[in-house]
Amino acid sequence: MKRTHWFRILAACVVVLSAIGATIAVQRVFVFRAFAANPGPTLTINAALGQHTISPDIYGMNMYGIDAAFARSLRLPVQRWGGDGTSRYNWRTDTTNSGFDWYFMGGGNTNPVAGAGADTFVNNATTAGGKAILTIPLIDYIDKGGNANCSFPTSVYGQQQSTNPYVHPNGTNCGNSLKQNGSQITDANIALNNVPNSPTYQQQWVQHLVAAHGTAAKGGVNIYQMDNEPSGWGNTHRDIHPGSTGYDELINKTFAYGAAVKAADSGANILGPSDFGWPAYLDSSKAGDNAASHGGTKFAEYYLQQMRAYEQKHGTRLLNYFDEHYYPASSDACIANCPVGNAQTQAERLQATRSLWDPTYKDHSWIGQYYAPIQLLPLFHSWINKDYPGTKLAITEYNFGGLESINGALTQADVLGIFGREQLDLATLWGPPSTDQPGAFAFRMYRNYDGLGSTYGNTWVQSMSADQGKLAVYGARRSSDGALTLMVINKTGGDLTSTLNLSGFTPGANAQVYTYSGANLKAIVHKPTIGVNAKGFNMTYAANSLSLIVLPPSGANTKH
């Protein structure tokens with residue numbers, strides 16, 4: 001074979017190998033692009049606009065299930081002693097009754113120490129570094145105490161739809177007050193297990209609390225709630241309060257019991273009406289009242305109007321916080337107080353936060369079928385501004401579910417960001433997560449993201465996303481060191497690379513980044529610093545993640 005032919009074969013091989021190499025290179029590019037982040041929506045921060053204080057009390061929780069060490073690590077700003085059982089708490093016998101929630105069972109403390117349960121709660125709340133909210137019963141009867149008892153024993157009232165499978169006081173079964181056919185049983189002897197309530201009795205409890213813990217101004221109980229979900233008494237506490245709760249019934253009780261609290265501790269704050277949801281806020285049925293006197297006014301507005309009238313007449317503000325409870329609903333999925341659920345439920349949960357603020361969001365429940373967009377927090381602010389200016393706004397029960405999952409953590413972080421932006425004054429989560437659940441890390445991202453006590457900022461600044469449903473952003477200045485902190489929430493299942501346009505703030509050259517994501521559900525990860533300039537930066541946000549970006553001011557030397 002001639003040498004020139006060998007050269008031709010070799011040249012051909014080179015061409016083929018080059019072609020193969022090019023193909024491999026193309027494939028590599030394709031693979032890289034397949035896994036590259038998608039372009040995300042533009043984020044815009046103007047730190048000079050929209051400034052207002054973010055109340056630390058929006059990061060509160062209800063008392064049930066809180067790990068003490070977790071509470072201390074968050075310096076949990078407020079804890080609430082609430083729920084249906086507290087409506088019938090008798091401080092002298094240290095007993096209660098949760099009504100329909102638990103087969104109308106009470107008593108069970110045969111050697112009581114007056115106020116012991118509530119005192120322990122107050123001590124735990126203040127030891128964690130926060131304030132305590134206690135519920136003052138307004139209902140006509142409270143638990144009698146003594147041996148365990150129940151309102152509807154089958155030995156007296158016969159078989160019922162359901163009975164307590166665990167506790168059998170006096171050898172009997174405790175029923176749920178409903179006969180087999182669904183009809184409701186009436187408690188024929190209320191005095192057997194209950195004693196009358198009064199403003200004087202509750203004032204004596206506040207006096208006890210002041211003696212044990214000091215006044216509100218000196219670290220004692222700071223806030224007293226005027227009962228719990230009073231519009232639901234006729235269901236939850238039907239044994240002692242059959243029938244609906246009237247407008248004026250609750251108003252007059254609030255006047256009497258609120259005045260008793262203020263007489264015992266003039267510096268204490270009062271919170272109410274703490275009702276259960278949309279039907280209670282908007283109720284204009286005037287049940288139990290003179291129908292002509294209200295003209296169809298929504299109950300929540302009427303409540304505010306009457307509290308204002310009381311102050312104008314007596315010179316004393318009884319109501320410091322207008323408070324309601326809120327649990328999102330969906331006709332297609334179980335969200336509030338529910339497990340994470342399937343993909344549809346998770347998508348519904350992330351969307352449901354829009355009901356707190358968005359004028360374009362149609363609620364995915366019966367509410368959306370009959371009402372305009374909820375816009376819950378702007379709606380409440382509008383009522384306060386019109387009917388009783390100067391009143392603070394609280395949500396002492398809420399839950400968006402799924403706290404055992406990254407989906408619930410993303411949602412909870414979104415809720416906390418919204419609370420800060422929409423100028424809520426106080427919030428306490430119902431059903432707090434355990435210390436190692438993802439929902440707990442949503443709170444850590446705001447309250448202790450580095451394990452050293454560093455927090456998200458306390459002054460809101462204008463923050464916008466071109467698509468809040470995909471990539472939400474919440475910005476705040478931190479007064480302790482002047483840093484600008486940005487909470488960015490990627491609600492999608494893919495990485496997103498976005499440009500953040502910055503104005504009104506001159507940052508240092510590098511920013512700290514802390515991330516919590518499905519890649520590591522047990523820890524907040526401190527990422528490498530990123531370079532920033534006065535116009536902003538580009539950054540990739542991991543799928544289903546929370547990112548806290550800390551921008552120090554120019555010239556600062558911060559380790560936060």
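Whatever comes next refers back to the structure up there.
Residues numbered from 1 in each chain as written. Predicted model: local features only at pLDDT ≥ 70, side-chain atom pairs only at ≥ 80, totals over all residues. Heavy atoms only, no water.

Colleague: Help me out: how do you make sense of the layout of surface pockets in this one?
Modeller: It is a probe the size of a water molecule, rolled over the atoms, that shows where empty space is left. A volume near 340 Å³ is recorded for the largest pocket. Together, 19 residues line the largest pocket, and Gly83, Asp84, Gly85, Asp101 and Trp430 are the ones closest to its centre. (1 Å grid on protein atoms, 1.4 Å probe; cavity = no way out; pocket = protein on both sides within 12 Å on 5 of 7 lines; lining within 4 Å. Points joined across faces, edges and corners; volume = space filled by probe spheres on them.)

Colleague: Honestly, the nonpolar core in this entry has me stumped. Any pointers?
Modeller: The nonpolar side chains of soluble globular proteins are, as a tendency, buried together. Judged by nonpolar contacts, the single largest core of 106 residues is most densely connected at Leu134, Tyr224, Tyr398, Phe419 and Tyr456. Broken down by element, this core gets its largest block of residues, eight residues, from helix α13 (residues 406-421). With residues near it in sequence (within four places) discarded, leucine 134 still touches Trp81, Ala118, Phe121, Val122, Trp205, Leu209, Val221, Ile223, Tyr224 and Gln225. Ranked by size, the runner-up nonpolar core spans 22 residues in total, among them Leu484, Leu496, Leu500 and Tyr541. (Core = buried A, V, L, I, M, F, W, Y, C linked by side-chain atoms within 4.5 Å. Buried < 20%, exposed > 50% of the residue type's maximum accessible area, 1.4 Å probe, protein only. Helix = DSSP H or I, 4+ residues; strand = E, 2+ residues; numbered from the N terminus. Contact = heavy atoms within 4.5 Å.)

Colleague: Explanation requested: the state of the cysteines in the structure shown.
Modeller: Simply put, the disulfide is a covalent bond whose two ends are the sulfur atoms of two cysteines. This structure, assessed with the given rule, holds two disulfides. Disulfide pairing places cysteine 334 opposite cysteine 338 at an S-S distance of 1.6 Å. For the protein, the bonded cysteines pair up as 1-2, 3-4 when numbered in the order they occur along the sequence. (Disulfide = S-S within 2.5 Å.)

Colleague: Please explain the sheet that holds strand β5 (residues 78-81) as it appears in this structure.
Modeller: Either a parallel or an antiparallel arrangement is found when strands of a sheet pair, and the pairing is made through backbone hydrogen bonds. An order of β4-β5-β7-β11-β12-β13-β14-β15 is seen for the eight strands of this closed barrel, with the pairing classed as parallel. Each adjacent strand pair in this sheet contributes to an overall mean axis angle of 25°, direction not counted. Pairing analysis gives three bridges linking strand β11 (residues 223-226) to strand β12 (residues 269-275), with the strands arranged parallel. Paired with isoleucine 223 across the two strands is asparagine 269, which belongs to β12. (Pairing = 2+ DSSP bridges. Axes fitted to C-alpha atoms, helices over the stretch in contact; angles between N-to-C directions.)

Colleague: So what exactly am I meant to see when it comes to the packing of aromatic side chains here?
Modeller: Aromatic ring pairs are reported here in terms of the distance separating the ring centres and the angle at which the planes meet. Summed over all chains, the structure comprises 27 aromatic pairs. Seen from their ring centres, tyrosine 398 and phenylalanine 419 are 5.2 Å apart, and the 85° between their planes marks the pair as edge-to-face. Of the two residues, tyrosine 398 sits in strand β14 (residues 392-398) while phenylalanine 419 sits in helix α13, which places them 21 residues apart along the sequence. In this pair, the class of tyrosine 398 matches that of phenylalanine 419, namely buried. (Phe/Tyr/Trp six-rings, centres within 6.5 Å; stacked < 30°, edge-to-face > 60°.)

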